Structures are given as C-alpha cells and as structure tokens.
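Residue-level structural notes
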Amino acid sequence: MSEDVTRDIFVTGLKNAHAMENQALSIMKPQIKRIENYPDIAAKLEQHITETEGQIVRLEEILTSLAEDHSSLKDLALSFTGSMAALGHSVAGDEILKNSMANFAFENFEIAAYKSLITIAELGGFSSVVGSLQMNLDQEIAMANWLESNLRPTTIKFANLKEAGQTAKV
Ligand code: MG
Ligand code: FE
C-alpha cells in the first residue's frame, strides 16, 4: 500500500481522534457538576477526565512525531454525538440513565476509533506509536467495562430514589 495513502488516512484519523477526545471532555465535565446522588459515577468520570487529558497529550505527541502541527486543530464536533449524546436536563428526571447509556455508547465509539487507528498504524509502518494508541484503547475498554457493569446498579438506584420521591436529583 502506498505510503502517502496510509499516512494521509493515519493523520486524518489522529486529528479526528483528537476532536473526539475534546468532545469526550465536553460531555463528561458538565455531568460531574450536576451529579448529587451518584458519587461513584462522579468519581469515575473525574478519573476518566484525567485519563482523557493524557490521551490528548499522547495524540498530540504522535502528530508532532509525524511533523504535523496540532496547534491549529479545529476539533469540529463529531456530528453523531450531537443527537445521540443529548445530555442535560431531562423532563422525566432520568438524566442519570440517559447519560449512563450515552457514556457507554461514546466509549464504544472511542474503542472503535482506536482499533481502526491501530490498524492503519500497522498498515502504514507507524509501529513506534502503536503502544501509545494501545494505552488509549485500554483506557477506553476499561471505562466501557465499568460503565457496562454500572448500568444495572444505577438503574436500580434510580428506581429506589424515584420511589423515595427524589425525582429531581441526578
Ligand atoms: Mg478517550
Ligand atoms: Fe473515553
């Protein structure tokens, strides 16, 4: 496969991943401020925000190593997240459930993005940066696993709180 083609696909993918990670921050940060009744979720989001900041640094380091300037990245929002991860106030008071689903969906999108990036890195001979991408991927998998295992307890807790009349609390 032509070196120019794989490099082009790889650089575009890295820039898209950079935008994706900034979008991840903008999805997670407002949630923490609103959570009152689910401290374990707030703590996990806090941890993953720190991880995400590290992921962004790794992506920037890879772009720099490819002599790609990342300072002017526009980080256009991913179009799909606007509708899917419709986060925020919820009339039904089930914001925590919707966010739990959207967070899980977003982590799986990130997993797919890194798996694709790693494939291109391997095809294009960028093997020196596969380790960095794998670190990001491993963090997304760990977060997705946590979110998945947390869906049931969160749903049960939500139902219990609702029964106790605390419908307005996230
Ligand atoms: Mg991420
Ligand atoms: Fe993530």
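Residues numbered from 1 in each chain as written. Chains lettered and ligands numbered in written order. Predicted model: local features only at pLDDT ≥ 70, side-chain atom pairs only at ≥ 80, totals over all residues. Heavy atoms only, no water.

Things to note about the pattern of salt bridges
Put simply, the rule reads: Any carboxyl oxygen of Asp or Glu within 4 Å of a side-chain nitrogen of Lys or Arg constitutes a salt bridge here. Strands here are runs of E lasting at least two residues and helices are runs of H or I lasting at least four, both read from the DSSP assignment and numbered beginning at the N terminus. Residue exposure (1.4 Å probe, protein chains only): buried if accessible area is under 20% of the type maximum, exposed if over 50%, otherwise partly exposed.
Scanning all chains against the criterion turns up 4 salt bridges. Note that Glu 68 and Arg 7 form a salt bridge whose closest N and O atoms lie 3.2 Å from each other. Remark: Arg 7 occurs in helix 1 (residues 3-34) and Glu 68 occurs in the loop between helix 2 (39-65) and helix 3 (79-84); sequence separation between them is 61 residues. Classification of Arg 7 as partly exposed rests on a relative accessible area of 30%. Where Glu 68 meets Lys 15, a salt bridge forms, and the shortest distance between an N and an O atom there is 3.7 Å. You can see Glu 68 sitting in the loop between helix 2 and helix 3 and its partner Lys 15 sitting in helix 1, a full 53 residues away along the chain. On the basis of relative accessibility, which here comes to 30%, the residue Lys 15 falls in the partly exposed class.

Thoughts on the coordination of the iron ion (ligand 2)
Ideal values differ by geometry: the angle at a metal is 109.5 degrees with four tetrahedral donors, but 90 or 180 degrees with six octahedral donors. Cut-off, in case you're wondering: Each metal site lists N, O and S donors within 2.8 Å (3.2 Å for Na, K and Ca). With water left out of the atoms, a site can look as if it is missing ligands.
Bound to the iron ion (ligand 2) are the protein donor atoms His 48 (NE2), Glu 107 (OE), Glu 107 (OE), Glu 110 (OE) and Glu 140 (OE), situated 2.1 to 2.8 Å from the metal. Along the chain, the residues donating to the iron ion (ligand 2) are arranged with the sequence spacing H-x58-E-x2-E-x29-E. In this structure, the iron ion (ligand 2) is positioned 3.0 Å from the magnesium ion (ligand 1), and both are ligated by Glu 110. Within this pair, whereas Glu 110 is found in helix 4 (residues 95-123), its partner Glu 140 is found in helix 5 (residues 130-163), the two being separated by 30 residues in sequence. Each member of the pair, Glu 110 together with Glu 140, is buried.

Description of the coordination of the magnesium ion (ligand 1)
Protein-derived ligands of the magnesium ion (ligand 1) are Glu 21 (OE), Glu 21 (OE), Gln 55 (OE1), Glu 110 (OE) and Glu 140 (OE), with the metal-ligand distances lying across 1.9 to 2.5 Å. Coordination of the magnesium ion (ligand 1) draws on donor residues from a single chain, spaced E-x33-Q-x54-E-x29-E in sequence.

Observations regarding the nonpolar core
Basically, it comes down to this: The definition of a nonpolar core used throughout is a set of buried Ala, Val, Leu, Ile, Met, Phe, Trp, Tyr and Cys residues joined through side-chain atoms within 4.5 Å. Residues are treated as being in contact if the distance between any of their heavy atoms lies within 4.5 Å.
Core analysis: the largest hydrophobic core is formed by 42 residues, its most contacted members being Phe 10, Leu 14, Ile 35, Ile 96, Tyr 114 and Leu 133. Sorting the residues of this core by element identifies helix 1, helix 2, helix 4 and helix 5 as the ones contributing at least two each. Setting aside anything within four residues of it in sequence, one finds Ile 96 in contact with Ile 35, Tyr 38, Ile 41, Thr 154, Phe 158 and Val 170.

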